[in-house]
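Fold and contact review
What follows is each chain in one-letter form.
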Amino acid sequence: MKILLVMPTPYETGRLGLENTVWLSEPVALTSVGGAVSADHEVRILDMRLEPEDALARTLVSFAPDVVGTTSMTTDAYQAAAVLRMARQLCPDALTVIGGHHPTLMPEAFDTPYVDVIVQGEGELTFRELIDRLEAGSRDLTGVHGLRWRGADGRRRVEPRRAQEVSLDALPPPDRSLIARYRGRYFFTAWRPMASIFTSRGCSYDCNFCAIWEYYERRVRYLSAEAIAARMAACEEPFIFVLDDNFLVNRRRLERLCDALEQRGVRKRWMTQGRTDFVAEHPELMARLAKNGLVGLLSGYESNDDDTLAALRKRATFDRNLKANRILSELGILSTGIFMARPDFTKAQFDQLYETINQLEVGVPLVTILTPLPGTRLYRAMADDLMTTDHRLFDLLHPVLPTRLPREEFYAEFARSVDAVKPSIRRALRTFAKRRRRFVLEMLPGVLWFYSRAFRYQRVHRDPRTFLRDEEGLLNGPGARRGVRWDEVRYPTPADPRALLRVAEGEPPTPAPSWHELVHPNPTGRAAK
């Protein structure tokens, strides 16, 4: 059986964003499901992020697949749907399949005639069982857990969720040979060529703006230390991005990983994602990880305000973030920090955020906008206040809630982040160069390449009019139609961060301050106008 797996573009052609400018990871979701069936079937992966626009049409015609599959996050939901629409037009007999975070958490968005199957949750075993059923000559998918599929009568059927109980070591490993043609083209800033692997799934924390813990049903599973070391050693690339949603969790596991890397003599440079509170609490372990190749850490600093961190259920503080970044700096681990500007920010609050970033000396500060992403409890609670429901604007670069400043002024303040945080970048890079001289010399060929990309992005980002053009004609969400003001938007408070989450689950709301009341309380308990 011929199977085509397509990685959609994250944005429309020509549009720049964080993913195709700051990083581009391997399509691990597709190499994972592809690895589950590639031994018995002819599988191809087409990464449209690295292909010309006509590549999909040409491949559909020349390869004539029996199955066309794609994956989707929120911002590329329309592009993913377009992949399957074209597949239906050019290969009308092919079964069309979609999976990933967005189809799992908002499957109704893909209930269209040209989408035959929606895979919800982990895909490896579900996809293999689906392909086995097709190979046996049947399109009746009854009993294949983890599917939402369209029968011959056109009706949607929903199968039970597939239990996430299989050990990660027991799952078929990703088949990276399927993307051999793209090797050398994946990157994180100037670090390239880059491989991508995962070593765990899920997150034990329940930040209310994040859907990871809901996608994995609050479960966290780990790949064994021996398997991680083996997969790292198998990568031809010198640099690896470990894509775990939260790598820094289990201390014993990380100690065993260091043991395994040392025993195997693995000499890779790698980065991952992890929480700053773990760094602050375990400096000795971080030092050992640094000796075993950890050179970069991406963390969600989110805010410079402890009340906001508490309201988001981050369980972190500014002082802990500051301590963590100092530890990283001393160890030669370059910090990448994600910060959130809230839609209710004033100019003074933007100033304070940029000042905080410069105080932290984060190497790659990424300023984003707090966004209730589809599938999160924050989204469900704020659905009626959204200024737009167009998924392209849920890219963390556009406020989808009412702003306190006029939108033109909000974007002007947000756009200056490119230049406002440069002191942080310069100081962090100087320190990193002192700690990691050899690595910096190795990455020099990628520096010019990255800065040419970054220059194009920064030129666009500096102009607030580009953001306004992006959203032109798209601010027609329920909040916009109702005329919701910024000071009417309700938000979890530090005193009761779960209040909004209970509303999201259908409980009646209890009186709670709006954002404005939280920032500017007054004796009357009403928002000051």
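Below or above, wherever it landed, is the structure these notes cover. Please read all numbers here as calculations on a predicted model, not as lab measurements.

1. Focus on the overall build of the protein chain
- Counting its regular elements, the protein chain contains 23 helices and 17 strands.
- Within the protein chain, the proportion of its 529 residues that are buried is 58%.
- Pairs at least 24 residues apart make up 76% of the contacts formed inside the protein chain by residues separated by at least 6 positions.
- Counting only carbon and sulfur atoms, one obtains 51% of the accessible surface of the protein chain, whose full area is about 22100 Å².

2. Observations concerning a negative patch on the surface
- A grouping of Asp40, Asp66, Asp132 and Glu135 is seen on the molecular surface, where their side chains present a negatively charged patch.
- By the secondary structure assignment, aspartate 132 is in helix 6 (residues 124-135).

3. Describing the pairing of strand 10 (residues 194-197)
- Of the two faces of strand 10, the one lined by Met194 and Ser196 and the one lined by Ala195 and Ile197 are each fully buried.
- Bridge count for strand 10 against strand 13 (residues 239-242) is 4 bridges, and the pairing is parallel. The partner of serine 196 across the bridge, within strand 13, is phenylalanine 241.

4. Thoughts on the packing of helix 3 (residues 55-63) against helix 4 (residues 77-90)
- It is at 10 Å that the axes of helix 3 and helix 4 come closest, and there the two elements cross at 40°. In the packing of helix 3 onto helix 4, the handedness of the crossing is right-handed. Each of Leu56, Ala57, Leu60 and Val61 in helix 3 lies in contact with helix 4, whose residues at this interface are Val83, Met86, Ala87 and Leu90.
- By residue class, the composition of the contact of helix 3 with helix 4 is 8 nonpolar, no polar and no charged.

5. Some remarks on the packing of aromatic side chains
- By the definition in use, this model includes 18 aromatic pairs.
- A centroid spacing of 5.7 Å and a plane angle of 65° characterise the contact between phenylalanine 414 and phenylalanine 467, whose relative ring orientation is edge-to-face. Here phenylalanine 414, found in helix 16 (residues 407-415), pairs with phenylalanine 467, found in helix 20 (residues 464-471); they are 53 residues apart in sequence, far enough to count as distant.
- The class for phenylalanine 467 is buried, based on a relative accessible area of 4%.
- With a centroid separation of 6.2 Å and 85° between ring planes, the pair formed by phenylalanine 432 and phenylalanine 439 is classed as edge-to-face.
- Taken together, the aromatic side chains of Phe345, Phe350, Tyr354, Phe410, Tyr411, Phe414 and Phe467 make up a single cluster linked through ring pairs.
- Positioned over the ring face of phenylalanine 198 is arginine 201, at 4.5 Å from the centre of the ring.
- Positioned over the ring face of phenylalanine 198 is arginine 231, at 5.8 Å from the centre of the ring.

Analysis parameters
Residues numbered from 1 in each chain as written. Predicted model: local features only at pLDDT ≥ 70, side-chain atom pairs only at ≥ 80, totals over all residues. Heavy atoms only, no water. Helix = DSSP H or I, 4+ residues; strand = E, 2+ residues; numbered from the N terminus. Buried < 20%, exposed > 50% of the residue type's maximum accessible area, 1.4 Å probe, protein only. Contact = heavy atoms within 4.5 Å. Areas by Shrake-Rupley, 256 points an atom, 1.4 Å probe, with all protein chains shown as cover. Patch = residues over 30% accessible without salt bridge, like charges linked within 9 Å, V, L, I, M, F, W, Y side chains within 5 Å. Salt bridge = Lys/Arg side-chain N within 4 Å of Asp/Glu carboxyl O. Lys, Arg positive; Asp, Glu negative; His and termini not counted. Charge placed at Lys NZ, Arg CZ, Asp CG, Glu CD. Pairing = 2+ DSSP bridges. Axes fitted to C-alpha atoms, helices over the stretch in contact; angles between N-to-C directions. Left-handed = near helix turned anticlockwise from the far one by under 90°. Nonpolar A, V, L, I, M, F, W, Y, C, P; charged D, E, K, R; others polar. Phe/Tyr/Trp six-rings, centres within 6.5 Å; stacked < 30°, edge-to-face > 60°. Lys NZ or Arg CZ within 6 Å of the ring centre and 35° of its normal.

In short, geometric facts, not functional conclusions.
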